[in-house]
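Observations on the three-dimensional arrangement
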Amino acid sequence: MRPGVTALSQDVYSLHMTVLWICTAIGLLVFGLITWSIFAHRKSKNPVPATFHENIVLEVVWTIIPFFILIGMAIPATRVLIHMEDTTEAELTVRVTGSQWKWHYEYLAYEDDNNVGVGFFSNLATDPAVWERPILSGGLFPVGSARSRVGAEREALSAENPNTFNYMLEVDNKLMLPAGQKVRFLITADDVLHSFWIPDFSVKKDAIPGFVNESWAKIPDDAVGIYRGQCAELCGRLHAFMPIVVEVVPQDEFTAWLEEQKAASAEGPDMTPFADLDEAMAMGEPIFQRACAMCHGAEGQGGIGLPLAGTDLMNNSDRVQENIDILVNGRGAMPSFRAQLSPKEIAAVINFQRHAFGNDGGDLIQPDDVQQ
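Residues numbered from 1 in each chain as written. Predicted model: local features only at pLDDT ≥ 70, side-chain atom pairs only at ≥ 80, totals over all residues. Heavy atoms only, no water.

**Brief notes about the sheet that holds strand S8 (residues 213–218)**
Reading across the sheet, the 5 strands line up as S3-S2-S1-S5-S8 and stay open at both edges, with mixed pairing between neighbours. In the strand order of this sheet, the two ends are held by strand S3 (118–122) and S8, each with one partner. When the angles between neighbouring strand axes are averaged without regard to direction, this sheet yields 25°. Summarising the sheet, strand S1 (residues 92–99) and strand S5 (residues 182–189) pair through 7 bridges and their orientation is parallel. Bridge pairing in S5 places Val-96 opposite Ile-187. Against the sheet, helix H5 (residues 251–267) touches S1, strand S2 (102–110) and S3, its axis set at about 105° to S2. (Pairing = 2+ DSSP bridges. Helix = DSSP H or I, 4+ residues; strand = E, 2+ residues; numbered from the N terminus. Axes fitted to C-alpha atoms, helices over the stretch in contact; angles between N-to-C directions. Contact = heavy atoms within 4.5 Å.)

Shown next, in the form of structure tokens:
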């Protein structure tokens, strides 16, 4: 546990340390008495057991002292817990939805605007070629680093390979928050239990399907920067693949960013046709790697999801519409990507799937084909 950057996280840290020292003192006293008793009454000294049966004064004392210790810990703990649950007077409200295995952020209200209408998904950005390979046999070093580099400058290594120190902790879309303003989080899930956890903000709430939990954070003006968290509830095989990355920026910068997002949302999706298959493939590959590879494999070999390489679905031109319907509407455990990707992004992914991994899936699919 670390103090964090918010006043609330520092209150939690102080409470933790206070209780820890109380428990440490009690532990030292109890184990000290046990140790003394073992040596003072060891068999070689031929101890004579005491004959008294009860001592009312002693029993009252060792009942009253723990009572006051617990009261002394309960008062500050209750104050902090009440403060943690106070989500009133928030300037920004963000709905956080966990799913297997990504986060969805929706900006619901900001200052006087109660209909912001900005939202996006946040996926793991670490290259599948990195996380699909095992760690080096010589030690617990992620791919991209090596034993010989231990002790080298962090900046130099990060510039050489950004996955070296943020291995499995990078995302494609960060959660943007303003400094100096209270942010209210509405936390839920759309499939299984997840948990939204940002240690530096002292935010950790379960995301439960059909239920909305609340939490909040207020990051000081001088604490702009990047903060990281993770799902803290075992939510399935790829539980470790849904990190949280928050970028805290000054209020004016956040306002400008939010206006840009609102303008882009109002314009609607880009429906410009692809010039050729190469353009579609270039756009579709990174989308596939971040949104599909976790289930279908970086090389289309399958895993949790069905294989794509060499299958009839990918190579039969008569099944193009079925391929589109699966991505748009979902099938079985596979979610619908209608709300996650634009028609052009879905078309790009389908083109990539149908022409990568040795597949030959027919004609170029355009955004209009998906839109229809």
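**With respect to the packing of helix H1 (residues 7–40) against helix H2 (residues 56–84)**
Packing of H1 against H2 leaves a shortest axis separation of 10 Å and a crossing angle of 165°. Overall, the two elements H1 and H2 adopt an arrangement that is roughly antiparallel. At the point where H1 passes H2, the crossing takes the left-handed sense. In contact with Leu-8, Asp-11, Val-12, Leu-15, Val-19, Ile-22 and Ile-26 of H1, H2 contributes Ile-69, Met-73, Pro-76, Ala-77, Arg-79, Val-80, His-83 and Met-84. (Parallel < 35°, antiparallel > 145°, perpendicular 65-115°, else oblique. Left-handed = near helix turned anticlockwise from the far one by under 90°.)

**Examining the nonpolar core**
One finds Val-94, Tyr-107, Leu-177, Phe-185, Phe-196 and Phe-201 to be the most contacted residues of the largest nonpolar core, which totals 43 residues. Other than its neighbours up to four places away in sequence, Phe-185 contacts Val-94, Val-96, Leu-175, Leu-177, Phe-196, Val-203, Asn-213, Glu-214, Ser-215, Trp-216 and Ala-217. If you look at the next biggest cluster of nonpolar residues, it comprises 27 residues, including Met-281, Leu-308, Leu-327 and Ile-365. (Core = buried A, V, L, I, M, F, W, Y, C linked by side-chain atoms within 4.5 Å. Buried < 20%, exposed > 50% of the residue type's maximum accessible area, 1.4 Å probe, protein only.)

**Quick look at the layout of surface pockets**
By volume, the largest pocket is sized at about 980 Å³. Every residue lining the largest pocket is counted, 36 residues in all, and those nearest its centre are Gly-119, Phe-120, Gln-261, Gln-340 and Glu-345. At the level of secondary structure, the elements contributing two or more residues to the lining of the largest pocket comprise S2, S3, H5, helix H6 (277–291) and helix H10 (343–355). Here the lining of the largest pocket takes 5 residues from S2, the largest share from any one element. For the lining of the largest pocket, the class distribution of residues is 15 nonpolar, 11 polar and 10 charged. Estimates place the volume of the second largest pocket at around 830 Å³. If you trace the second largest pocket, you find 36 residues lining it, with His-296, Arg-331, Ala-333, Met-334 and Pro-335 closest to the centre. (1 Å grid on protein atoms, 1.4 Å probe; cavity = no way out; pocket = protein on both sides within 12 Å on 5 of 7 lines; lining within 4 Å. Points joined across faces, edges and corners; volume = space filled by probe spheres on them. Nonpolar A, V, L, I, M, F, W, Y, C, P; charged D, E, K, R; others polar.)

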